[in-house]
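Results of the structural survey
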Amino acid sequence: MASSHSSSPVPQRSSSDVFFKKEVDPTKHIRPVQSLPDVCPKEPTVTDQHRWTIYHSKVNLPAALNDPRLAKRESDFFTKTWGLDFVDTEVIPSFYLPQINKEHFTVYQQEISQREKIHERCKKICPPKDTFDRTLLHTHDKSRTDLEQVPKIFMKPDFALDDSLTFNSVLPWSHFNTAGGKGNRDAASSKLLQEKLSHYLDIVEVNIAHQISLRSEAFFHAMTSQHELQDYLKKTSQAVKMLRDKIAQIDKVMCEGSLHILRLALTRNNCVKVYNKLKLMATVHQTQPTVQVLLSTSEFVGALDLIATTQEVLQQELQGIHSFRHLGSQLCELEKLIDKMMIAEFSTYSHSDLNRPLEDDCQILEEERLVSLVFGLLKQRKLNFLEIYSEEMIITAKNIIKQCVINKVSQIEDIDTDVVLKLADQMRMLNFLQWFDLLKDIFSKFTIFLQRVKATLNIIHSVVLSVLDKNQRTRELEEISQQKNAAKDNSLDTEVAYLIHEGMFISDAFSESELTPIAIDATSQRNASPNSEPCSSDSVSEPECTTDSSSSKEQTSSSVTPGAVDIMVNEDMKLTDLELGKLANNVQELLYSASDICHDRAVKFLMSRAKDGFLEKLNSTEFITLSRLMETFILETEQICGRKSMSLLGALQSQANKFVNRFHEERKTKLSLLLDNERWKQADVPAEFQDLVDSIADGKIALPEKKSGATEERKPAEVLIVEGQQYAVVGTVLLLIRIILEYCQCVDNIPSVTTDMLTRLSDLLKYFNSRSCQLVLGAGALQVVGLKTITTKNLALSSRCLQLIVHYIPVIRAHFEARLQPKQYSMLRHFDHITKDYHDHIAEISAKLVAIMDSLFDKLLSKYEVKAPVPSACFRNICKQMAKMHEAIFDLLPEEQTQMLFLRINASYKLHLKKQLSHLNVINDGGPQNGLVTADVAFYTGNLQALKGLKDLDLNMAEIWEQKR
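Rules behind the numbers
- For every chain, the first residue of its written sequence is number 1, and the numbers climb from 1 along that sequence.
- Reporting in this predicted model follows two pLDDT cut-offs: at least 70 for local features of residues, and 80 or more for side-chain atom pairs to be given and counted; totals over whole chains, interfaces and linings ignore these cut-offs and use all residues.
- Only hydrogens and water are removed before side-chain values are computed, so all heavy atoms of the structure are retained for them.
- In this text, helices come from DSSP runs of H or I with a minimum length of four residues, and strands from runs of E with a minimum of two, each type numbered from the N-terminal end.
- Summary of the burial criterion: residues with accessible area below 20% of their type's maximum are buried, those above 50% are exposed, and those between are partly exposed, where the area comes from a 1.4 Å probe applied to protein chains only.
- Whether two residues touch is decided by their heavy atoms; if any such pair falls within 4.5 Å, the residues are in contact.
- Under the convention used here, a 1.4 Å probe and the Shrake-Rupley method define accessible areas, while residue burial counts only the protein chains that appear.
- Each patch is built from residues lacking any salt bridge and having more than 30% relative accessible area; the joining distance is 9 Å for like charges and 5 Å for nonpolar side chains (Val, Leu, Ile, Met, Phe, Trp, Tyr).
- Salt bridge, as used here: a side-chain nitrogen of Lys or Arg that lies within 4 Å of a carboxyl oxygen of Asp or Glu.
- Here a polar contact is recorded for every N or O atom pair within 3.5 Å, except that within protein the pair must consist of a potential hydrogen donor and a potential acceptor, and residues adjacent in sequence are included only if both atoms are side-chain atoms.
- Scored from 0 to 100, pLDDT reflects the predictor's confidence in each residue.
- The positive count covers Lys and Arg only, the negative count covers Asp and Glu only, and His and the chain ends enter neither.
- Here the site of a charge means NZ on Lys, CZ on Arg, CG on Asp, or CD on Glu.
- Two rings belonging to Phe, Tyr or Trp (six-membered ring only in the last case) form a pair when the distance between their centres is within 6.5 Å. Interplanar angles under 30 degrees mark stacking, angles over 60 mark edge-to-face geometry, and anything in between is tilted.
- Our definition puts a charge over a ring when NZ of Lys or CZ of Arg is within 6 Å of the ring centre and also within 35 degrees of the ring normal.

So, the overall build of the protein
- Regarding its fold elements, the protein presents 31 helices and six strands.
- For the protein, the residues scored as buried account for 37% of the 965 residues in total.
- The contacts in the protein between residues at least 6 apart in sequence include a share of 76% that link residues at least 24 apart.
- About 58,100 Å² of surface is accessible on the protein, with carbon and sulfur atoms providing 55% of the total.

Details of a nonpolar patch on the surface
- A grouping of V204, I208, I212 and F219 is seen on the molecular surface, where their side chains present a nonpolar patch of about 340 Å² in accessible area.
- If you tally residues by element for the nonpolar patch, the top one is helix α6 (residues 183–214), at three residues.
- By the secondary structure assignment, V204 is in helix α6.

What to know about the side chain of Q803
- Residue placement: Q803 occurs in helix α27 (residues 792–817).
- The exposure class assigned to Q803 is buried, which follows from its relative accessible area of 12%.
- Side-chain polar atoms of Q803 contact the side chain of Q897, separated by 2.7 Å.
- Excluding residues that lie within four positions of it along the chain, Q803 makes contacts with Y727, I842, L893 and Q897.

Observations concerning the confidence of the model for the protein
- Scored by pLDDT, the protein comes out at a mean of 76, with 75% of its residues at no less than 70.
- The model gives residues 70–74 a pLDDT under 50, and that stretch makes five contacts with residues more than four places away or in other chains.
- Every residue in residues 492–557 scores below 50 in pLDDT, and together they form 100 contacts with partners more than four places removed in sequence or on other chains.

Details of a negative patch on the surface
- Taken together, the side chains of D684, E718, E887 and D891 make up a negatively charged region of the molecular surface.
- Structurally, the position occupied by E887 is in helix α29 (residues 873–889).
- For E887, a relative accessible area of 61% puts it in the exposed group.

Details of the packing of aromatic side chains
- Evaluation of the coordinates by the stated rule reveals 14 aromatic pairs.
- Their ring planes at 75 degrees and their centres at 5.0 Å tell us that F663 and Y743 sit as a pair that is edge-to-face. You can see F663 sitting in helix α21 (residues 647–676) and its partner Y743 sitting in helix α24 (residues 731–749), a full 80 residues away along the chain. When sorted by exposure, F663 lands in the same class as Y743, which is buried.
- Between F816 and F831, the aromatic rings sit 6.0 Å apart at their centres with planes inclined by 45 degrees, giving tilted as the arrangement. Taken as a pair, F816 in helix α27 and F831 in helix α28 (residues 829–861) lie far apart in primary sequence, 15 residues in all.
- Taken together, the ring pairs connect F857, Y864, F875, Y909 and Y940 into an aromatic cluster.
- One Lys or Arg, R800, reaches over the ring of Y727 and ends 3.8 Å from the middle of that ring.

This is the structure we're talking about:
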């Protein structure tokens, strides 16, 4: 094979060269052998004799065209498919297809001519494929024939004589058995076996020699290339040696001195580090005595900072020092002890702060001490100190009440403390004024107590918020510093040599003080590089590295508490923002809890006094005074703590409900007694009641203050004047108006009972209406009071009293409406129902008066006879009764009502007279009887119109006659 390069180990190939091919299984088809790389690509050298081709087809085209089903052969191929009717026609040339001639291929021949020349040149270099294939096939067949003589067992890849089966197959034991007189024959067999194996060996060696001869050129070329390679390596070695000599000279002249200087600088720097390390160890050794000194002065935060700094130095800068192997555990135990000391100290501070005299004007006790304790507890994550403060608040609230009771009881001489041992029993012996003063004192002490608690909690809250604010600002600064570090790292020179001697970096040989500004820009040197040393000085005269310098690396910031105490906040806080926010909320909740505690203790104090029914026995003035005091205390605590506590408010509401029930029952009972003793006669109106009504007319629904002197000189009036109208009333109604005003005033004094008072007042008005109806219309007063009869005057007076109450119902409704919530307006419907009931009652009284006269007319007119004298006795009696009726009601009812009543009475009279005249067959015919009746009617009309206020009354007496049919 021709080589394209002189150094390429590719053997040349001639026309007589053949390729060796491995023996294959004759049952399988022969695969084309892989030839060595050649200049010209070629097809596989040996074709597969067993590959299927078109020449293996057993059916030719004529056989496919013959259709045995036809009687005769078709004329051509198309009749077979399209039938015998197919007519062969001449195809007309297409107008769209051009006529192709030789000129169309000119361009193609010009493009392909160069490729054709290259192809012809390659054909001359490469032998013809058929000759090469025949030579290769002949060589392959010969080699195959020779190798087929060698048994297949020798060709196996896993052939090994140490295998018993393989050994027995190659050397059977029958050839070595000499017993039984068969020695000569066995020897001949063994010799034959040896010759056979030798023959196999020769065949293999011949084939191997043949293959080697085929690749002899390649072997010789490889040897030649090996010698050339050795020459190249020798030259290269010499060049490397020269280069090393030159580098050694350069190193000696230019680098050795400089490196020696760097080594000395590095050694000096290491000596400084060792010196500083020893000084640091000496300082750390003094940590425990320093902590003891700080604890003796209650400097817990300073002690904790010192312990934390020492722990950090031990872990980062003094790690592995044998003499300090126990110091870390000792500091941990000391830190646990400080935790317990801080909790005990905070408990002591809470007790001292909350139990100091309440008369002290100082709001906060030892503010600096409190701030120090809170910082220490936050630093150690001891967040349960608020629970300690809460428990101390509960104890203090109990003690406040107890001390106030003791002080008050000791001032009362009537209470014998030797006989009454229990403090609660002693307190129950106080009268209302004494007990009220005691409650006022308790409320004032609770107010001062809450103000102190708020001041203390504000300090704690400000400390927590300052730590939270510092955490957020520190996080922002870290983000900014990280961005600066990233920018500065990108600007560093990256082409500085790295390794120079004993694995050290050049940066280690420089003074660390030159690198310090970079480290400072990146938060802190220790955080940026945990392996860096605490002091970076290259001289002994630099400042010493101590734990104080280490702790100073923690950035601090200051804030001011409400008491003007500076708070130094360091970064060594282990609390997260979420925990600090939750703690701040807990501080605010603790202030709410303080208010609840005071209210709960006040409720228990009230309940202990209310066991004997003391609060239920209070009169209106006393209860209103108590209610105002409690509402004032509730309002003050809400202003201090920012939230309204509901326990005392609920107790007040409960007592108010009991007071309302008792208030209502007392007045209802009073009204019932008044009604049962009422004789339903017109009563004189005292001047105070007239003033009461006048105050209502001025828009003031309240009981007027008593005027000394002036009221006694004024005489009672006969009627009550309300907005220009005169009301003749009974004494019960006057007291009822006063009771109604008491209800309204109670609503003003205790707004929380407005709805209950409205319900109770509605019940009271309904009771007055129903009971007065029973007594007057139902004639119950005959048995209750002992009246002989219910007169028309009693009825008219009852009606006028009801009218007075109806007049004030809208005023009462407006008063309650102004004090109700909009969602409670539906309760005002009670007044509408009451108004309707009162109007119905008044209408029934009017109907009763008419009914009285109607029965009288029926009795008198049924005996009426049309005869002389004129006027008849019947009409004289009727006029007499009408005059009595007028006399009874005219002074009680207004003139309009009197006229309406008499119109109704006159209508009844006309009806009965008309009925009687019809019975007597007296008609309006102008006869003698008609004249008599006309004379009697004229007498009746004249007398009726002569009555006061009835002169202009239209009687229309013509209706007494029957209409003519």
